[in-house]
2 protein chains.
Amino acid sequence: MFLLSQVPDHQVAGHEARDGKLGPLVDDLGCFYKPLQDDDRGSKELAFYTKFSSMPEITSHIRRFFPTFHGVQTLAASDGSGPRPHLVLQDVVFGRVNPSVVDIKIGSRTWYPQASEDYVNRCLKKDRETTSLLLGFRISGLKIYGGDRSGFWKPEKKVVQSFTLQDVRFVLRKFVSCNLETPDSVTDPDCSFASAVYGGTGGILSQLLELKEWFEDQTMFHFNSCSVLMVYEKESVLRGETSGAEVKLIDFAHVTEGDGVIDHNFLGGLCSLIKFISDIVNDTEKCWN
Amino acid sequence: MFLLSQVPDHQVAGHEARDGKLGPLVDDLGCFYKPLQDDDRGSKELAFYTKFSSMPEITSHIRRFFPTFHGVQTLAASDGSGPRPHLVLQDVVFGRVNPSVVDIKIGSRTWYPQASEDYVNRCLKKDRETTSLLLGFRISGLKIYGGDRSGFWKPEKKVVQSFTLQDVRFVLRKFVSCNLETPDSVTDPDCSFASAVYGGTGGILSQLLELKEWFEDQTMFHFNSCSVLMVYEKESVLRGETSGAEVKLIDFAHVTEGDGVIDHNFLGGLCSLIKFISDIVNDTEKCWN
């Protein structure tokens, strides 16, 4: 079958399919094609999606936080290496106009007991060098739409990797701010979209709280090294329409069995993120009242 | 001032003041004397108690989960080394008849960024060898009262340190069981006190949930390597009286400043413990209905 595949416009973290490198592709029907890596990460992510999508105990309420899985398809890899199997997933930013996106890797620990010593040591080092250990999460990538004139603010990978506690607080405020025409400035973000995007019924905070409730109880999976993706459309808010605020979990190459124990590492980090976001919502409401 | 000091009867973890060793003492007025260690642990724990006890923002609702602090007093150390300053704390088992006690060290990580590399490595090793990493907590010590005939079940330190997931589940069930006359047997615990001790208003589960709510919000302290102590009196339950179920936080030698971030490590582990206990309560209720 012929598929019109192209490099995703709104990817913010992970390997990118540019300059002859292997990375995900999208089509114009709303699918996201993630190449299966040669090591066991690909097969592990496929195993997760296969199992998860067939579990009747996962309600639609929770399932909506995960990209829909459409199976595996072989297509030409982006690095020109020829045909390669790809996971066919829902493109979570499909149809969105200038979406602002932030990718947050959850957990103060990205390694897990079953991993090799080498992997453990590399992860531990990175967790200590980034905000993971301190905050229980780290920002892995982001792009924030400023407006027609300024376009997107998308800091370099190296900049994102060196984010401190203060940077994270700044980015989470800037994500819902309007005064971004000079996107690299240190202007204090106005958080004028905080209630529209983070707050309210159906806002990001309420979605994160629903996820939290599930994580307090589910003991099926440990979501090691997974990310929470937060998306919304600024122009939509400016027009007085719904923000399209959405939370999705992505990246399941290191998911392990829960064996009857909750994922306390993910849950702790998620609660920390929730605290940051609810602080922003509360501060904004205070200013407006 | 003369004080009638003696070795505590119901200590389940930590250094014991026996055989000429340095350890805590109690008097018959309800005080617990914890010797200040020579390294910085003593001064750090004193600094925590001093600060915590003077903070007006800590409500009595939360304060009741901490031993009351009565200052520092110099008394003869239990190891015969002469006068030594001791923290004077509330003896949390004072006046209790045959209390059953379990000491649970919370957190999948007992180390913290500011610690020395040597300390980090020792803690990390122990966290991986015990259930800390897997469950987000480990049992540090326990004594369970079986009855007149069997007395207390108090496994050796080495046995406790080697507890697996299955052992932890077993102990948390056994803690609220009646069929303990042969305390070392593998008889399936009957959990007949589960609703009286863990469940109900004022039970251990509801106390843990109150603590959880506080940890979701408080960003003042990170309670590294702290324990939750759970206590109750079996004979009191058998007489149809209140179980005296109580949760206390203890051991603050490694508390650090929260700096505006929640203690996601403690919170994650606490949620994991809550899940274990609520499973026991729910299973028991199912059997009885």
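Residues numbered from 1 in each chain as written. Chains lettered and ligands numbered in written order. Predicted model: local features only at pLDDT ≥ 70, side-chain atom pairs only at ≥ 80, totals over all residues. Heavy atoms only, no water.

Things to note about the nonpolar core
Definition in use: The nonpolar core is taken to be a set of buried Ala, Val, Leu, Ile, Met, Phe, Trp, Tyr and Cys residues, with the residues joined through side-chain atoms within 4.5 Å. Relative accessibility decides the category of a residue: with a 1.4 Å probe and only protein chains considered, values under 20% of the type maximum give buried, values over 50% give exposed, and everything between is partly exposed. We call two residues in contact when some of their heavy atoms are within 4.5 Å.
Membership of the largest hydrophobic core comes to 134 residues, with the highest contact counts inside it found for Tyr198 and Phe223 of chain A together with Tyr198 and Phe223 of chain B. When neighbours within four sequence positions are excluded, tyrosine 198 of chain A is seen to be in contact with Leu172, Phe175, Val176, Phe193, Gly203, Ile204, Leu205, Ser206, Met230, Ile277, Ile280 and Val281 of chain A. Core analysis: the second largest hydrophobic core is formed by 16 residues, Tyr119, Val120 and Leu133 of chain A together with Cys123 of chain B among them.

Looking at the domain arrangement of chain A
Quoted interface sizes are often the accessible area lost when the parts come together. All names here are of chain A. What counts here: These domain boundaries are the output of an automatic or database domain assignment. Defined here as a combined quantity, buried area equals the accessible surface (1.4 Å probe) lost by two parts on assembly, summed across both. Any Lys or Arg side-chain nitrogen found within 4 Å of a carboxyl oxygen on Asp or Glu counts as a salt bridge. Two N or O atoms form a polar contact when they lie within 3.5 Å of each other; inside protein one atom must be a possible hydrogen donor and the other a possible acceptor, and for residues adjacent in sequence the pair counts only when both atoms belong to side chains. Strands are runs of DSSP state E lasting at least 2 residues, helices are runs of H or I lasting at least 4, and numbering of each runs from the N terminus. Following the grouping adopted for this structure description, the nonpolar residues are Ala, Val, Leu, Ile, Met, Phe, Trp, Tyr, Cys and Pro, the charged ones are Asp, Glu, Lys and Arg, and the polar ones are all others, Gly among them.
Domain assignment breaks chain A into domain 1 (1-95) and domain 2 (99-287). Centre-to-centre, using C-alpha coordinates, domain 1 lies 21 Å away from domain 2. If you look at the interface, domain 1 gives 27 residues, while domain 2 gives 31 residues. Of the roughly 2400 Å² buried between domain 1 and domain 2 on both sides combined, carbon and sulfur atoms contribute 65%. The largest contributions to the domain 1 side of the interface with domain 2 come from Val12, Phe48 and Phe65, which together make up 27% of the buried area. Our count for the contact surface shared by domain 1 and domain 2 stands at three salt bridges. Connecting domain 1 to domain 2 are ten residue pairs in polar contact (both at pLDDT 80 or more). Element by element, the count of residues in the side of domain 1 that touches domain 2 is highest for helix H1 (residues 40-53), at seven residues. Its residues assigned to classes, the side of domain 1 that touches domain 2 shows 13 nonpolar, five polar and nine charged.

Concerning the interface of chain A and chain B
The partner chain B presents 31 residues to the 32 residues of chain A that form the contact. For the pair chain A and chain B, the summed buried surface comes to about 2400 Å²; carbon and sulfur atoms form 62% of the total. At the surface where chain A touches chain B, the tally comes to six salt bridges. Our enumeration of links across chain A and chain B arrives at ten residue pairs in polar contact (both at pLDDT 80 or more). Of all the elements in the fold, those that place two or more residues in the side of chain A that touches chain B are helix H3 (117-129), helix H4 (132-135), helix H6 (165-174) and helix H10 (264-288) of chain A. The greatest single-element share of the side of chain A that touches chain B, amounting to eight residues, is contributed by H10 of chain A. When its residues are assigned to classes, the side of chain A that touches chain B shows 13 nonpolar, ten polar and nine charged.

Here's the deal with the relation of the copies chain A and chain B
Two chain copies here: they are related by a rotation about an axis and a translation along the same axis. Test applied: In superposing the copies, a least-squares fit is computed on C-alpha atoms, taking residues whose pLDDT is at least 70 in both.
Rotating chain A by 180° and moving it 0.0 Å along the rotation axis overlays it on chain B with an RMSD of 0.0 Å. Considering both components of the superposition, the chain copies are consistent with a two-fold axis. Minimal C-alpha separation from the rotation axis in chain A is found for glycine 268 of chain A, amounting to 2.2 Å. Comparing interface residues between copies, 97% of those in chain A also sit at the interface in chain B, which points to an isologous, same-surface contact.

Section: the side chain of lysine 34 of chain A
Residues and elements named next belong to chain A. As for its placement among the helices and strands, lysine 34 is situated in strand S2 (residues 31-35). The class for lysine 34 is buried, based on a relative accessible area of 18%. A polar side-chain atom of lysine 34 sits 3.0 Å from a polar atom in the side chain of aspartate 251. Residues in contact with lysine 34, not counting those within four places in the same chain, are Pro24, Glu45, His86, Leu87, Leu89 and Asp251.

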